[in-house]
Amino acid sequence: MASVESRLRVQTEDDITRIEFVDRNILDEGNIQQIGDEILQIIDSADRPKLLICFSNVEHLSSAALGTLITINKRIRDKGGQLRLTDIDPQIYEVFVITKLNKLFQIHATIDEGLASFES
Amino acid sequence: MPVLSDSQQLTNDPDRIHAIEEKLLTAAKQAGHDSSTAFALRLALDEALRNAFTHGATDPSSQPVDVSWTVESSRVTIVINDHGPGFDPDAIADPTADENIERPCGRGLLLMRAYMTSVSHNKSGNTVTMRYEPGGG
């Protein structure tokens, strides 16, 4: 059986895992499911996961992708971890504002700002 | 500027869905619409199709979803008929309410209404008409 290619680029430094997306348009339900599964596996493999998700490559995302982010956020919270979102394009940030999810997530302009915001 | 239009029947095939989105965006660009319009159209069309296949044409053996669009320099109109049982769009819970904010679904209609100038449904709720007019709010 052919292995499924990852939809993520993952880097771990110190105890923080940085994730970037391979896809520019996070619209396809199959890809969203795979992205969610991959990130949940990363969360489940750590005690108190610290996760930074960088959206610099993302031009579009769907409400299904937002739903997956919510699930990820809940899983991290349940494990006593921390989640940061960074580099969100202004048009996509507007989607977070319209859905009021900008209040749910900790969103930072840059990776550096996101990294600095983690509590030790 | 001539009116550009297309009409297709779609199954829940990501490649075909992507193709129709690209065709709409190409027509919009030809008609002089800008990138913010393209963003709005892609988002609204994707959400409406997702709703059609998730809540309307849920059975793989059911009729394909009918999608048609018309692009003019002053407006874009998209009509989607999923031939399903329909729903009451006014009965959808507010996904921005505190008690719903962590629900993983239920934001599609909100986003369609936010990005389109108007979103209307037929009486049974299985056909949605979305209109976009630049500067129309």
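Scroll up to find the structure this text is about.
For every chain, the first residue of the written sequence is number 1, and numbering continues from 1 onward in sequence order. Naming scheme: in the order in which they are written, chains are lettered from A and ligands are numbered from 1. Selection of residues for local features in this predicted model requires a pLDDT of at least 70, selection of side-chain atom pairs for listing and counting requires 80 or more, and totals for whole chains, interfaces and linings are taken over all residues.

Asker: Explain the overall build of chain B to me, please; I cannot follow it from the model alone.
Answerer: Within chain B, the regular secondary structure consists of 3 helices and 5 strands. Under the DSSP-based scheme used, a helix requires at least four consecutive residues in state H or I and a strand at least two consecutive residues in state E, with every element numbered from the N terminus. From first element to last, N terminus to C terminus, chain B shows the α and β order β-α-α-β-β-α-β-β. Each radius of gyration is computed over the set of C-alpha atoms, and the globule rule expresses the reference value as 2.2 Å times the number of residues to the power 0.38. Radius of gyration (C-alpha) of chain B: 15 Å, near the 14 Å computed for a compact globule of 137 residues. Taken along its principal axes, the extent of the C-alpha atoms in chain B is 45 × 35 × 30 Å.

Asker: Teacher, can you tell me more about the interface of chain A and chain B here?
Answerer: Accessible area lost when the parts come together is the quantity often used to give the size of an interface. Counting residues at the interface gives 18 residues for chain A, matched by 18 residues for chain B. Looking at the side of chain A that touches chain B, the elements that each hand over two or more residues are helix 2 (63-78) and helix 3 (90-98) of chain A. Residue contributions to the side of chain A that touches chain B peak at 7 residues, all from helix 2 of chain A. For this classification, Asp, Glu, Lys and Arg are treated as charged, while Ala, Val, Leu, Ile, Met, Phe, Trp, Tyr, Cys and Pro are nonpolar and the rest, including Gly, are polar. Looking at the side of chain A that touches chain B residue by residue, the class counts come to 7 nonpolar, 8 polar and 3 charged. We call two residues in contact whenever the C-beta atoms placed from their backbones are within 7 Å.

Asker: Would you take a moment to explain the sheet that holds strand 1 (residues 8-13) of chain A for this structure?
Answerer: Residue and element names in this part refer to chain A. We call two strands paired when DSSP finds no fewer than two bridges between them. Reading across the sheet, the 5 strands line up as 1-2-4-6-7 and stay open at both edges, with mixed pairing between neighbours. Only two strands of the sheet have a single neighbouring strand rather than two, namely strand 1 and strand 7 (107-108). Pairing of strand 6 (residues 82-86) with strand 7 involves 2 bridges; the strand directions are parallel. The residue of strand 7 that forms the bridge with Leu 85 is Ile 107. In the packing of helix 1 (residues 29-44) onto the sheet, the strands contacted are strand 1, strand 2 (16-21) and strand 4 (50-54), and the crossing angle to strand 1 comes to about 15°. Note on method: axes are straight lines fitted to C-alpha atoms, helices fitted across the in-contact stretch only, with angles between N-to-C directions ranging 0 to 180 degrees.

Asker: Whenever I open this one, the nonpolar core confuses me. Can you help?
Answerer: A general tendency of soluble globular proteins is for nonpolar side chains to be buried together. Core analysis: the biggest nonpolar cluster contains 29 residues, and Leu 41, Ala 44, Ala 48, Leu 49, Ile 80 and Met 130 of chain B have the highest contact counts within it. Of all elements in the fold, only helix 1 (14-30), helix 2 (35-56), strand 2 (65-71), strand 3 (76-81), helix 3 (108-115) and strand 5 (127-132) of chain B reach the threshold of two or more residues within this core. Considering each element in turn, this core owes the most residues, 9 residues, to helix 2 of chain B. Apart from residues no more than four positions distant in its own chain, Leu 49 of chain B is found in contact with Ile 17, Val 65 and Ile 80 of chain B. Put simply, a nonpolar core is buried Ala, Val, Leu, Ile, Met, Phe, Trp, Tyr and Cys residues tied into one set by C-beta atoms within 7 Å. Three exposure classes are used, all based on how many other C-beta atoms lie within 10 Å of a residue's own C-beta (placed from the backbone): buried at 20 or more, exposed at 12 or fewer, and partly exposed between those limits. Ile 19, Phe 21, Cys 54 and Ala 64 of chain A belong to the second largest nonpolar core, which has 23 residues in total.

Asker: Can you help me understand the environment of Ile 98 of chain A in this one?
Answerer: Checked against the element boundaries, Ile 98 of chain A lands in helix 3. For the pair Ile 98 of chain A and Ser 63 of chain A, spaced 35 residues apart in the sequence, the C-alpha separation amounts to 11 Å. Setting aside its immediate chain neighbours within four residues, Ile 98 of chain A contacts Leu 110, Leu 111 and Ala 114 of chain B.

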